[in-house]
Amino acid sequence: MKERRALRCNKECLHKYHLALLSVVMVTVPFFNGINSIAIGVYTGFLFFCSGIRVRKSLPEIILVVAVAAFFLLTTLDPRGFFLDAGKHLAFLLRLLPLFLIPIAYSSWSGKRISMEEITMILTISSLCAMIFGTYTAIEFYTRPEEHFSFIHLPHTITGKYHSVYFSIQLGVNVLLAAFSFNRTKSYYYLLIAIVLFVFMTLLGKRMALLALCALALLFVLRNLNLKAILVFLFSVGIAGAVYLYSPYNRWRMEQFDSNGEGSERMIMMTESMNIIKDHFFVGVSPIGVSSELEKKYLERGIATPFYSNNPHDLPLYVFMAFGLFGFLTYYILQLMLLVVGIRGNKTAFVYVLLFFLAVSVSETILIRQNGIVLYAFILPIIFYERRKDT
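The text that follows walks through the structure, step by step, so that each part is easy to find. Just so it is clear, the structure is predicted and the values come from calculations on it, not from any experiment.

Time to look at helix α16 (residues 348-360). For α16, spanning 13 residues, the distance from its first C-alpha to its last is 19 Å, which sits close to the expected 18 Å at 1.5 Å a residue. The secondary structure elements touched by the buried residues of α16 are α3 (59-68), α6 (116-142), α8 (164-185), α10 (207-223), α15 (315-344) and α17 (370-384).

Okay, the side chain of glutamate 272 next. As for its position among the elements, glutamate 272 is in helix α13 (residues 265-279). Ignoring sequence-local partners within four residues, the contact set of glutamate 272 consists of Leu294, Lys297, Tyr298 and Arg301.

Here we take up the side chain of histidine 18. Looking at the element boundaries, histidine 18 is found in helix α1 (residues 2-28). Exposure remark for histidine 18: the relative accessible area of 1% places this residue in the buried category. Beyond its immediate chain neighbours, meaning those up to four positions away, histidine 18 contacts Tyr43, Phe46, Leu47, Tyr106, Trp109, Lys112 and Ile114.

The next point concerns helix α9 (residues 188-204). Here α9 is 17 residues long and its end C-alpha atoms lie 25 Å apart, about the 24 Å a rise of 1.5 Å per residue gives. Every buried residue of α9 is accounted for by Tyr190, Ile193, Ala194, Leu197, Phe198, Phe200, Met201, Thr202 and Leu204. One or two residues past the end of α9 sits glycine 205, with phi positive at roughly 70 degrees.

Glancing now at the pattern of salt bridges. For the coordinates displayed, the defined rule picks out 7 salt bridges. In this structure, lysine 112 and glutamate 12 form a salt bridge, with 3.1 Å as the shortest nitrogen-oxygen distance. Here the residue lysine 112 occupies a position in the loop between α5 (80-108) and α6, and glutamate 12 occupies one in helix α1, the gap between them amounting to 100 residues. On the basis of relative accessible area, glutamate 12 is assigned to the partly exposed category, the value being 33%. For glutamate 272, the salt bridge is made with arginine 301, and the minimal N-O distance between the two is 2.4 Å.

Reading the values: the criteria
- Residues numbered from 1 in each chain as written.
- Predicted model: local features only at pLDDT ≥ 70, side-chain atom pairs only at ≥ 80, totals over all residues.
- Heavy atoms only, no water.
- Helix = DSSP H or I, 4+ residues; strand = E, 2+ residues; numbered from the N terminus.
- Expected span 1.5 Å × (residues − 1).
- Contact = heavy atoms within 4.5 Å.
- Buried < 20%, exposed > 50% of the residue type's maximum accessible area, 1.4 Å probe, protein only.
- Salt bridge = Lys/Arg side-chain N within 4 Å of Asp/Glu carboxyl O.

Rendered as C-alpha cells:
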C-alpha cells in the first residue's frame, strides 16, 4: 500500500515538473527565442531522461512522429543545403529539430499525460502575458508626444515583440482549445477565455487566421446542428466580418494596394515563386536555395534587395520550391494521413487544430520561424496524446 502511494506521489510530482517546464517553454515563445531555445532543450531532456526512448509499434503513433517531423526529415535528406551553405543548413536543421524530437519524446513518455484543460490553461497564460505586454507597448507608444492614436498602427503596436501573424496563430489555437475544454467541462471560464482571446485576435486584423477560425466554426455547426452551435457560429462570423469590412487597418491596406509593391508584395512573391517552381519542378532548389533564387527573380524585375521577404509566405509554395513535386507530394500525403489517423481515432480537437495549422500555412511559411515550429511541434503531439478523465 505504501509503495503504491509513493509511486502515485512520484507520478504527481513528475507531472507538476512536466507542467512547469512546459509552461516556461510556452510563455517564452512570444518574447525571447534564445531563452525559448534553452527551455526547449531542458524540457526535451527532461522527457527523455524521465522515460527513455521507447519505439512505439502503433501505426498511428508512427504516422504522428513522421508527419510532424516531415519538414525536418525532408530537409535532412536533401544534401544540397550543405553544398550551398553548410553553416546556414546546419542552423536551419537545428531550428527544425523540435519537429523531430518532441513527437518522439511524447510517444516515449511513460508518465502522466497532459490533459486538454491543462494545455489550454498553459497556452492561455502565455497568450495573456503576450497580450499584457503588447497592450503596455501600445500605451507607451501612443503616449509619446510625437505620436497620436491611430487604428491603422494599432495592430503593429499591440503585438509587442511578437510577430503579429504568429500571435494570431497562437490565439487561434488557444481559442480552439478553450472551446473544446468548454464543450467538455461546461465551465464558463473556458468560454470567457475563448471570447477574450478572440476579441484580441480581431484587433490584430490577420484575416487568414480569422477566416480559418470561422471556417472551423462552420464545420462544427454542420457536425452539431443545434441552437448553441449556430449562435456561436453567427457570433464568430459577425465579429470577424465586421473587423474585415470596417477595420481601419484592413481598409488602409486595401487602399494602398498598387502594382509597384506597396500592398501587392504577396502577388509579386507568388508570381516569382511559381516561376521558380516551373524552372525546378521535380526536385526543387532545397530550403537554403529558396532565398537566393527569390533574390535573383527580384533583381530580374528590377527590385532592389532586400525585398519585402525572402520566402513566399506560403508553406505549400515553399515546400514545392524547396523539394519539388516529389517532396511536395510526400509532405502533404503525410499531413493527409495524419488527418485520417485523427478522424479514425475520434481525436476531434486534434483534427481541428491540424486543419487550422494547414489553413494558416497558406498565407505564412509557419515552419521556418521558431514561433511557428514550437506551436506546431508541441501542440499537436500534446493533444494527440491528451489525457482524458476516463483514462
